[in-house]
Structures are given as structure tokens and as C-alpha cells.
Amino acid sequence: MISRYTLPEMGRVWSDAHKYELWSRVETLVLAAHARAGTVPASSVEPVRRARPPTPEAVAAAEAVTDHDVIAFLTAWADNTTPREAAAYVHFGMTSSDLLDTALAIQLTEATDLLLAKASTLVAVLRDHALAHRGTLRVGRTHGIHAEPDVWGHRVADFAFAMARSRDRLQRAREAVAVGKLSGPVGTYSNIDPAIEAEVMPALGLRPACVASQVVFRDGISEWVSALAVIASVCEAIALEVRHGQRTEVRELAEPFGRGQKGSSAMPHKKNPIRSERICGLARVVRAQVTPVMEGMPLWHERDISHSSVERVALPDAAITTDYLLALTTGLVEGLAVDTARMRANLELTGGLIYTSAVLLELVRTGMSREDAYSLVQDAAMDTWDTGTPFRTTLRELAAARGQQIDDRRLDEVCRPERYIERLGGVFDSLQRLS
């Protein structure tokens, strides 16, 4: 991912320098376990442990010759080992994927921990924003058309619970990727005792794969990247709501707009929802990684490397982009301007059409058939659409023409917006307990 969208902590997780630190850690733990088992000389451990991880530049120089990244790493690290002969016992009994898959699992868990912390922060920000607006009346919309009265806090509560579920889903996916292997070529432990794997994996915060070929099967990684795609999509849903609310014709919501910020190079009046649009765009980048990563599950026989090149791009990009999206969405919600007066004005924009559902039910309660009641209310509503005459006026006139009686006192009650949200208390009670 380009540096523009890479935050420092997550960027370091996926840096080559950190990768080689992890590779060195894995190899050192395996070497020490072999030494304790008497497989290799105990004297080889300390020289290797003291050797600095090779720099990305040193590995790149070696790889230009070897055309093999693991051998290049081992060569460059051996150059840092004194005496160099001790490095002969590094990678003993292992195959490249033992190192690659195990170190990748550590990177995935490290990245996940950063994402879980940010997701929890966003859950809390959404929860608090929703609770602050539990009484902020606005119109609910379906198909982009005014539907019934609602409150802004209700909409945001939906996002809060969705992000909490997404965070919990990622927590489960962390367990799925915290898996490594030290079982050698094609996974048969031909040159390495299973006891080495059993000893090393807990020290790395991982568990051994139940079974592996030359690689760990990619279902866990597929689950992980799918969980990231869901998080990104929830961020997009939040951003899309803001984009709609910031349209000039709606003007209920607005992104934070800082001093000195510019909205357009040509039109000085512009205040555009650029953060929200960036969130919506980058969510596509995360979702785009799901299919390529899933295609790493079917491999030729015990292993090919068609998954490897994909994962070098897809996994860092998915993690880095999701990390950025969570931070950007949190800032968006924290700085969101909510125009409560405009929300109330928009509520009344259709002249009372938002009350047709309650009026329909009230007429049914008075003894009218549902078919007749629906026809009366719909015809009155269409007159309001066409003429702009308030709905209660068109309803009253049409009912009189059809010999129907309308109880104005009951109409006052059913056309009161507050009655629509009286039963949302349980939602907000649950929201207060959300963490």
C-alpha cells in the first residue's frame, strides 16, 4: 500500500526489516529447541542469537544471485554470524514454508491486534454518538424516499452494533490465523521431530497446524481477509450515510472542515465529503483481496507457490487499508456535525406523508377494511405529492367526499413524530451496555 494510506505501526508490521526480525526469531527458537534435544551442537545457539537480523538491502543483494528469498536471507544472516560456522545449523530440518508460514502467522496476529484496538475505539465512538442523539428526530428513508419518523441515534446504533460484530468476527479470525508449522518438506516431519514444533509454536504465540502439507492450508487466512472486508464495508456504510446527509438538498450532516481546508480548486464555496468518499473508495481495495486470497486454497498437490505472490500484495494491503479506514472513520464520527434543526425541517418536508402508515392503521381500527383504508390514504397521499397540499387536508377532503368520518383528535395523536420512536428504549439500553 502506498505511504499516503499507511499508518506507522501497521506499516512496520509489514516492513521487510520486521519480517527479517521475525524470521530470525523463528529460526533462533528452532535452533535452540534442536540444541536442547541434542540434534545440533549447543555451541551454535549463542552465536546465532547474537547475530543481527540482516538488512533488507543485504537480503536483496543476495537474492539477486540466488533468486530465492529464504536462501538469500539465510546467507545474509550467516554473514552477520560469528563464527560463521554456527550458521550451518540454522534452518535444520526445515523447509522454506516452515519459516514463511510461521512468520506470516505472527505478522497476521500482530496486525490483527492493532485492528482490534482500532475497531473497539470506533465501536465506542459510534455508541457514544448514538446515545447523544437518541432523541434527535429525523426522517427515516427507504429507497432514498421519506418513509417514517426516526431518530439519528437509531441509525448510528445500527452501525455501532455492526462494527462490534465485525470486531468480534475478526477476533475469531485471529484464532484461525495463529497457526504455524515446522514439519518439513510436504509436512511429513521427515527431518524434524514433531516435538520441536510443539515446543516452538507456543513461544511464538501460535499453535501447530493440526495437519499441514508443505504449507498451512489457506482457509484461515481466507477467513481473516474476509473479516477485514466486512469491517471495511461497515466503514463504507457509515461513510455513505454521511455522504448522503451532506448533499446540499439534504444538509443534515457534515464532515469536519478544518481552518485552512479547501474544498475545490475552482469553487471556493465547496465543502465536500472527501473523507467519506475516500472511505468508500478504499473499502473496495480491501474487498478486492478476498477472492485472490481464497484462490490460494487449491494448490497443486502438496504445494505450489501461486498463493505466495498474491499474499505478498493482498495481505499487507488488506491490513494496512483496513487500519487506515478504521482510523479515518473514527475521526469522521468524532468530528461529525449534526444539524438537528435541518433534520426536523426535512421531517416536515412532505407535508405529513410520513404519517400514512399510522393513519392507515387508525382507519382500520375504526372498522374500515384494509383495502378501503389503503385506497383512501394512498389517493390522499398522491394528491399531496401532486399539489403540495398538506396530507391531512387532502385526507380530510377525500374522506368527506367518500362519506368517511375522520377523528381529528386521533389524527393529532397518530401524526405526532415522537410516537414513532417510543419503543426504541430497549435498543438504547442495549447500546449502553455495548463495549
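Please refer to the structure placed before this passage.
Scope of this entry: the structure provided in the associated data block. Please read all numbers here as calculations on a predicted model, not as lab measurements. (Residues numbered from 1 in each chain as written. Predicted model: local features only at pLDDT ≥ 70, side-chain atom pairs only at ≥ 80, totals over all residues. Heavy atoms only, no water.)

**Observations concerning the overall build of the protein chain**
In terms of regular secondary structure, the protein chain is built from 18 helices and 6 strands. Compactness check: the protein chain gives a C-alpha radius of gyration of 30 Å against a globular reference of 22 Å for 435 residues, more than 25% above the reference. The dimensions of the protein chain, computed from C-alpha atoms along their principal axes, are 100 × 50 × 35 Å. Residues classed as buried in the protein chain amount to 49% of the 435 residues present. Summarising the internal contacts of the protein chain: among those between residues at least 6 apart in sequence, 76% fall at separations of at least 24. For the protein chain, the accessible surface area stands at approximately 20,700 Å², while carbon and sulfur atoms represent 53% of it. Charged side chains in the protein chain number 49 positive and 55 negative. The centres of these two groups are separated by 5 Å. (Helix = DSSP H or I, 4+ residues; strand = E, 2+ residues; numbered from the N terminus. Rg over C-alpha atoms; globule rule 2.2 N^0.38 Å. Buried < 20%, exposed > 50% of the residue type's maximum accessible area, 1.4 Å probe, protein only. Contact = heavy atoms within 4.5 Å. Areas by Shrake-Rupley, 256 points an atom, 1.4 Å probe, with all protein chains shown as cover. Lys, Arg positive; Asp, Glu negative; His and termini not counted. Charge placed at Lys NZ, Arg CZ, Asp CG, Glu CD.)

**Side note on helix H13 (residues 340–347)**
Looking only at H13, the buried set comprises Met-343, Asn-346 and Leu-347. Buried residues of H13, viewed axially, fall in a sector of 110°; they line one side. Where H13 is buried, its residues contact strand E1 (137–142), strand E2 (145–151), helix H7 (152–177), strand E5 (253–254) and strand E6 (337–338). (Arc of directions from axis to C-beta.)

**Some points on the pattern of salt bridges**
Under the criterion given, the structure shown has 29 salt bridges. Close ionic contact of Lys-181 with Asp-98 constitutes a salt bridge, the shortest N to O distance being 2.6 Å. Taken together, the residues Lys-181 in the loop between strand E3 (179–180) and helix H8 (194–203) and Asp-98 in helix H6 (residues 96–132) connect sequence positions 83 residues apart. Summarising the burial analysis for this pair, Lys-181 and Asp-98 share the class buried. With its nearest N and O atoms 3.0 Å apart, the salt bridge here joins Asp-128 to Arg-127. By sharing partners, the salt bridges in this structure join Arg-138, Arg-155, Asp-158 and Glu-241 into a single network. (Salt bridge = Lys/Arg side-chain N within 4 Å of Asp/Glu carboxyl O.)

**Remarks on the environment of Val-13**
Relative to the elements of secondary structure, Val-13 occurs in helix H1 (residues 8–13). A C-alpha to C-alpha distance of 9.4 Å links Val-13 and Ile-320, two positions 307 residues apart in sequence. Setting aside anything within four residues of it in sequence, one finds Val-13 in contact with His-18, Gln-107, Glu-110, Ala-111 and Leu-114.

**Brief notes about the pairing of E2**
Pairing geometry for E1 and E2, over 5 bridges, is antiparallel. Residue pairing for E2: Arg-138 is matched across the bridge by Asp-150. Between E1 and E2, which pair antiparallel and follow one another directly, the connecting turn spans 2 residues, one of which, His-143, has a positive phi of 60°. (Pairing = 2+ DSSP bridges.)

**Some details on the side chain of Glu-362**
In this fold, Glu-362 is placed in helix H14 (residues 356–365). When residues no more than four places from it in sequence are discounted, the contact partners of Glu-362 are Arg-410 and Val-414.

**A few points about the packing of helix H2 (residues 16–37) against H8**
The interhelical angle for the contact between H2 and H8, taken along N-to-C directions, is 140°, at an axis separation of 10 Å. Regarding the angle of H2 to H8, the classification is oblique. As H2 packs across H8, the resulting crossing turns out to be right-handed. In this structure, H2 uses Arg-25, Leu-29, Val-30, Ala-33, His-34, Arg-36 and Ala-37 to contact H8, whose residues at the interface are Ile-196, Glu-199, Val-200 and Ala-203. Residue composition of the contact of H2 with H8, grouped by class: 7 nonpolar, 1 polar and 3 charged. (Axes fitted to C-alpha atoms, helices over the stretch in contact; angles between N-to-C directions. Parallel < 35°, antiparallel > 145°, perpendicular 65-115°, else oblique. Left-handed = near helix turned anticlockwise from the far one by under 90°. Nonpolar A, V, L, I, M, F, W, Y, C, P; charged D, E, K, R; others polar.)

**Here's the deal with the nonpolar core**
Ranked by size, the top nonpolar core spans 94 residues in total, and within it Trp-14, Leu-126, Met-163, Leu-170, Trp-224, Val-359 and Leu-395 carry the most contacts. In this view, Trp-224 contacts Leu-108, Ala-111, Thr-112, Leu-170, Ala-173, Val-177, Leu-315 and Ala-319; residues no more than four positions away in its chain are not counted. (Core = buried A, V, L, I, M, F, W, Y, C linked by side-chain atoms within 4.5 Å.)

**Looking at a nonpolar patch on the surface**
Together, Ile-145, Met-382 and Trp-385 make up a nonpolar patch on the protein surface, roughly 320 Å² of accessible area in all. Take Ile-145: it is sitting in strand E2. Judged by its relative accessible area of 45%, Ile-145 falls in the partly exposed class. (Patch = residues over 30% accessible without salt bridge, like charges linked within 9 Å, V, L, I, M, F, W, Y side chains within 5 Å.)

**Remarks on helix H16 (residues 391–401)**
Inspection of H16 places Phe-391, Thr-394, Leu-395, Leu-398 and Ala-399 among the buried residues, and these make up the whole buried set. Taken down its axis, H16 places every buried residue within 125° of arc, on the same side. In H16, the exposed positions angled more than 90 degrees off the buried face are occupied by Glu-397, Ala-400 and Ala-401. Against the buried residues of H16 lie H14, helix H15 (370–387) and helix H17 (408–414). One or two positions beyond H16, positive phi appears at Gly-403, with a value near 75°.

**Considering the packing of aromatic side chains**
Counting across every chain of the model gives 6 aromatic pairs. With a centroid separation of 5.1 Å and an interplanar angle of 55°, the aromatic rings of Tyr-5 and Tyr-324 are classed as tilted. Taken together, the residues Tyr-5 in the segment before H1 and Tyr-324 in helix H12 (residues 306–334) connect sequence positions 319 residues apart. Measuring from centroid to centroid gives 5.9 Å for Tyr-355 and Tyr-420, while their planes differ by 45°, and the two rings are tilted. Taken as a pair, Tyr-355 in the loop between H13 and H14 and Tyr-420 in the loop between H17 and helix H18 (425–432) lie far apart in primary sequence, 65 residues in all. (Phe/Tyr/Trp six-rings, centres within 6.5 Å; stacked < 30°, edge-to-face > 60°.)

Everything listed is a geometric property; what it means functionally is a separate question.
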